[in-house]
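Structural characterization, general
Now for the letters of each chain:
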Amino acid sequence: MTIWSNFKRTARAGFIGFWRNGFVSLASVLIMTVTLFVFGSTIFINALLEASIHEVESRVDINVYFSSSAKEDDILALKTKVETLPEVALPVEYISKEDVLGNFKKHHENDEVILQSLDELDVNPFGAILNIRAKEVAQYEGIARFFADTQTDDGGTQIQKINYYNNKQAIDSLGRAVDGGRKIGASITIALALLSILITFNTIRLSTYIARDEIAVMRLVGASNGFIREPFIIAGAMYGALAGIIVLGGFYPVTYWIASSIGDFFGGLDLFAYYIEHFGEITLLLVISGIVLGSVSSFLAVRRYLRI
Amino acid sequence: MIHFDKVSKIYSDDSIALDEVSFTVNSQEFVTIVGHSGAGKSTLIKMLLLEEKPSHGTILFEKFDVSRLRRRDIPKYRRRIGTVFQDFKLIPNKTVFENVAFAMEAAGRTDEEIAADVPHVLSLVDLRKKIWNFPHELSGGEKQRVAIARAIINQPDVVIADEPTGNLDPINAREIVEILKRINSLGTTVILTTHNKDVVDAIGKRVITMEKGKIIRDNKDGKYAL
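What you see as residue numbers is a count from 1 along each chain, following the sequence as written. The lettering of chains begins at A and the numbering of ligands begins at 1, in the order of writing. A pLDDT threshold of at least 70 governs which residues receive local features in this predicted model, and a stricter bar of 80 or more applies before side-chain atom pairs are shown or counted, although totals over entire chains, interfaces and linings include all residues. Water and hydrogen atoms were dropped before computing side-chain values, which therefore reflect all heavy atoms in the structure.

1. Observations regarding unusual backbone geometry
Here the residue pair leucine 90 of chain A and proline 91 of chain A is connected by a cis peptide bond, since its omega of 0° sits within 30 degrees of zero. One non-glycine residue, lysine 6 of chain B, lies in positive phi territory at about 45°. Under the DSSP-based scheme used, a helix requires at least four consecutive residues in state H or I and a strand at least two consecutive residues in state E, with every element numbered from the N terminus. The topology assignment puts lysine 6 of chain B in strand β1 (residues 2-12). At aspartate 126 of chain B, a residue that is not glycine, the phi angle is positive and equals roughly 60°. Mapped onto the secondary structure, aspartate 126 of chain B falls in the loop between α4 (111-124) and α5 (140-152).

Laid out in structure tokens, this is it:
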């Protein structure tokens, strides 16, 4: 017997077992569909959570206010230097003193007193601003320290104010909230994955329990443990693969409906576009998870009946 | 060929299934083991098939001690014994052909050998026409004939039939006995357990009588006496 003909025989026996035990197979596939759906949902929940966290993070930045006498070249040199810091998310926004003045005037266009006061000044009283965003909320502290050190070095002649220290408490709270959000997301994912594995294992165990007499007969006619086990593993893998494909197909209308229902509530993430974009990875994850879950569960379930 | 040497099976102090049983079965012999329910017949068969291990004593198959077989050698040992049971023990979701072929597949035989041998053996038990039927589509007698075909397909050294006529009417029971006698006449050792007087008398060969876990009689004349 070659390995190939042995594999063909095993695969055929697995398929026949799957097909002829139609009701048991259907029940197993349905349960695995539900568990893989839960499993797959965690992918989308995590994507939504990440998008929401990212959205909140993107609203935080450090504003560095320069004195009106600071030279533009010096500020731009500092900007270039800041952009090389690994924790800084690009681009760093530079608002020249002219733009700051223009923005101020636009903001107070209905306030004659302020506009007249500005006109009486010969020079632009505003300094330029650098707006910097960090890649992670926790990294703002380091960036603020970089500017604080620069401020100390130039004796406060260039950098007038760094607004991080005013918002430090709020940014720290946000950092904790983001960390908490990620930890809760990871915990939910792990808990749901464990639950899925447990439910799948019990379903397969039940379907194997039904076949326990059959396994006993196989042992009596001299079948080796491997020979008995392999078709069950194939059938288990087929339950998983089929359930994975059903879930994959099910997510098409579900993500489409959710995407059109929630709009851009969760950080503007289009769930349907996410599904289409990550179709390959989601397919692999669901089908492979299903195959692994089904076959490992079968392996463990049959082992119970193979003890001499 | 098979030798039981002071074999006991003790589950607890007040539950002794076999009590120092000794006997020998020679090659090509037809031995019938009779006794009431609980006499120890099935325990004896289970130990020969290694479904149970003796509490004391030794079971020799040819020259090796059965209870000392390594786990991985047990399937190979079982392929040398064909088994037939009262409740047939067919695999319900396999056809007649597949049930018989399964024993050959388990022994690692090729698809060509299976395609040639299975129909031939099914012809011997007169089931050629039911080759693609499932067990639930067969009568009791037909199911037992499938079980016999499965038991002999790998040309075993011994066929063990544990109450094979227990669920059958007299006509089917007689047919099964005739098939077993034919198998024995072709050189295969047969061990049959039964409490059917007609069956024992029809065979007319060696009879071992058991009671309360002991052998109380071992006659070569083949008469039922309990």
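2. Concerning the interface of chain B and chain A
In this assembly, 28 residues from chain B lie in contact with 20 residues from chain A. Both faces combined, the contact of chain B with chain A buries some 2100 Å², and carbon together with sulfur accounts for 58% of it. Of all residues in chain B, Arg78, Asn93 and Phe102 of chain B bury the most surface against chain A, accounting for 26% of the area lost on that side. Here, a salt bridge means any side-chain nitrogen of Lys or Arg that lies within 4 Å of a carboxyl oxygen of Asp or Glu. Across the chain B-chain A interface, the total number found is three salt bridges. Here a polar contact is recorded for every N or O atom pair within 3.5 Å, except that within protein the pair must consist of a potential hydrogen donor and a potential acceptor, and residues adjacent in sequence are included only if both atoms are side-chain atoms. At the boundary of chain B and chain A, one finds seven residue pairs in polar contact (both at pLDDT 80 or more). If one sorts the elements of the side of chain B that touches chain A by residue count, helix α3 (residues 96-106) of chain B sits on top with five residues. Residues are sorted three ways: Asp, Glu, Lys and Arg are charged, Ala, Val, Leu, Ile, Met, Phe, Trp, Tyr, Cys and Pro are nonpolar, and all the rest, Gly among them, are polar. Looking at the side of chain B that touches chain A residue by residue, the class counts come to 12 nonpolar, five polar and 11 charged. We call two residues in contact when some of their heavy atoms are within 4.5 Å. Once two parts are joined, some of their accessible surface, as seen by a 1.4 Å probe, is lost; buried area is that loss totalled over both.

3. Structural notes on the sheet that holds strand β3 (residues 129-134) of chain A
Residue and element names in this part refer to chain A. At least two bridges found by DSSP between two strands is the condition for calling them paired. The strand order across the open sheet formed by four strands is β2-β3-β1-β4, and the pairing between neighbours is antiparallel. Each of the sheet's edge strands pairs with one partner strand only, and the pair in question is β2 (88-95) and β4 (159-162). Strand-to-strand, the axes of this sheet are offset by a mean angle of 20°, without reference to chain direction. Pairing of strand β1 (residues 62-66) with β4 involves three bridges; the strand directions are antiparallel. When the sheet's bridge partners are listed, tyrosine 65 is paired in β4 with lysine 161. Lines fitted to the C-alpha atoms define the axes, with helices restricted to the stretch that makes contact. Angles between their N-to-C directions range from 0 to 180 degrees.

4. A few points about the environment of proline 125 of chain A
All names here are of chain A. For proline 125, the position within the fold is in the loop between α5 (112-120) and β3. Counting along the chain gives 57 residues from proline 125 to serine 68, while the straight-line C-alpha distance between them is 5.9 Å. Discounting chain neighbours no more than four positions away, the residues touching proline 125 are Ser68 and Leu118.

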